[in-house]
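Here is how the chains run, residue by residue.
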Amino acid sequence: MANKINGLDHIGIAVKSIDAQLRLYKDLIGLEFEGIEEIAEQKVKAAILDTGDAKIELIEPTTDDSPISKFLDKKGDGLHHIAIAVENIESVIENLMASGVRMIDEKPRIGAHNKKIAFIHPKATGGILVEICE
Ligand code: ZN
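A. Representation of the coordination of the zinc ion. With distances of 2.0 to 2.1 Å, the protein atoms coordinating the zinc ion are His10 (NE2), His81 (NE2) and Glu131 (OE). Here the donor residues of the zinc ion share one chain and are spaced in sequence as H-x70-H-x49-E. Residue His10 is found in strand E1 (residues 5–14), and its partner Glu131 is found in strand E8 (residues 129–133); the two are separated by 121 residues along the sequence. The class of His10 is buried, set by a relative accessible area of 4%. Judged by its relative accessible area of 4%, Glu131 falls in the buried class.

Here it is, written out as structure tokens:
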């Protein structure tokens, strides 16, 4: 069963400080800055920048026990995840799980912009944290 794909949605970059990186992406490269969104459930805030195609999200932890804090402690600033937009997230999750792919989220949850999202475990994807979203 083929799932309909709606493109690369965004790339998430973990940063210790949005302020320290925003000027480069916004002013020097020239991406359109759409604002900063707080995602309380994940204990982060994200600066959203539009490339005209996929977005770039600079993700900064808001607490010391945020998953992004743990990522930054281990790896420092860097690529955190890529997100692929799909037409039917439940169907994609079903396909993945039917093939034995390890999921972080076995059911969609609500992420930024009120989208349904689910993360695939990086052990199943060649080391990259992959988000699917609808
Ligand atoms: Zn994301």
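B. Highlighting the sheet that holds strand E3 (residues 44–50). Reading across the sheet, the eight strands line up as E2-E3-E4-E1-E5-E8-E7-E6 and stay open at both edges, with mixed pairing between neighbours. Unpaired on one side and paired on the other, strand E2 (32–39) and strand E6 (109–110) mark the two borders of the sheet. Both strand E5 (residues 78–86) and E8 contribute to a ladder of five bridges, which runs parallel. Residue pairing for E8: Ile84 is matched across the bridge by Ile132.

C. Representation of helix H3 (residues 89–98) in the model. Inspection of H3 places Ile89, Ser91, Val92, Ile93 and Leu96 among the buried residues, and these make up the whole buried set. Tucked inside the fold, the buried residues of H3 contact E5, strand E7 (116–120) and E8. Taking the backbone nitrogen of Glu90 as reference, a side-chain oxygen 3.2 Å away marks Asn88 as the first, capping residue of H3. In the segment just after H3, Gly100 is the residue with positive phi, at about 80°.

D. Expanded view of the pairing of E3. A large share of E3 lies buried, amounting to six of its seven residues. Inspection of the sheet shows E2 paired to E3 by seven bridges, in the antiparallel sense. Each bridged residue has a counterpart across the sheet, and for Glu32 the counterpart in E3 is Asp50. Linking two consecutive strands that pair antiparallel, namely E2 and E3, is a turn of four residues; a positive phi of about 55° is found at Lys43 within it. With seven bridges connecting them, E3 and strand E4 (residues 55–61) associate as antiparallel partners. Counted as the bridge partner of Ala46 is Ile59 from E4. Between E3 and the antiparallel strand that follows it, E4, lie four residues; Gly52 among them carries a positive phi value of about 95°.

Calculation notes
- Residues numbered from 1 in each chain as written.
- Predicted model: local features only at pLDDT ≥ 70, side-chain atom pairs only at ≥ 80, totals over all residues.
- Heavy atoms only, no water.
- Donors = N, O, S within 2.8 Å, 3.2 Å for Na, K, Ca; no water.
- Helix = DSSP H or I, 4+ residues; strand = E, 2+ residues; numbered from the N terminus.
- Buried < 20%, exposed > 50% of the residue type's maximum accessible area, 1.4 Å probe, protein only.
- Pairing = 2+ DSSP bridges.
- Contact = heavy atoms within 4.5 Å.
- Polar contact = N/O pair within 3.5 Å; in protein donor to acceptor, adjacent residues only side chain to side chain.

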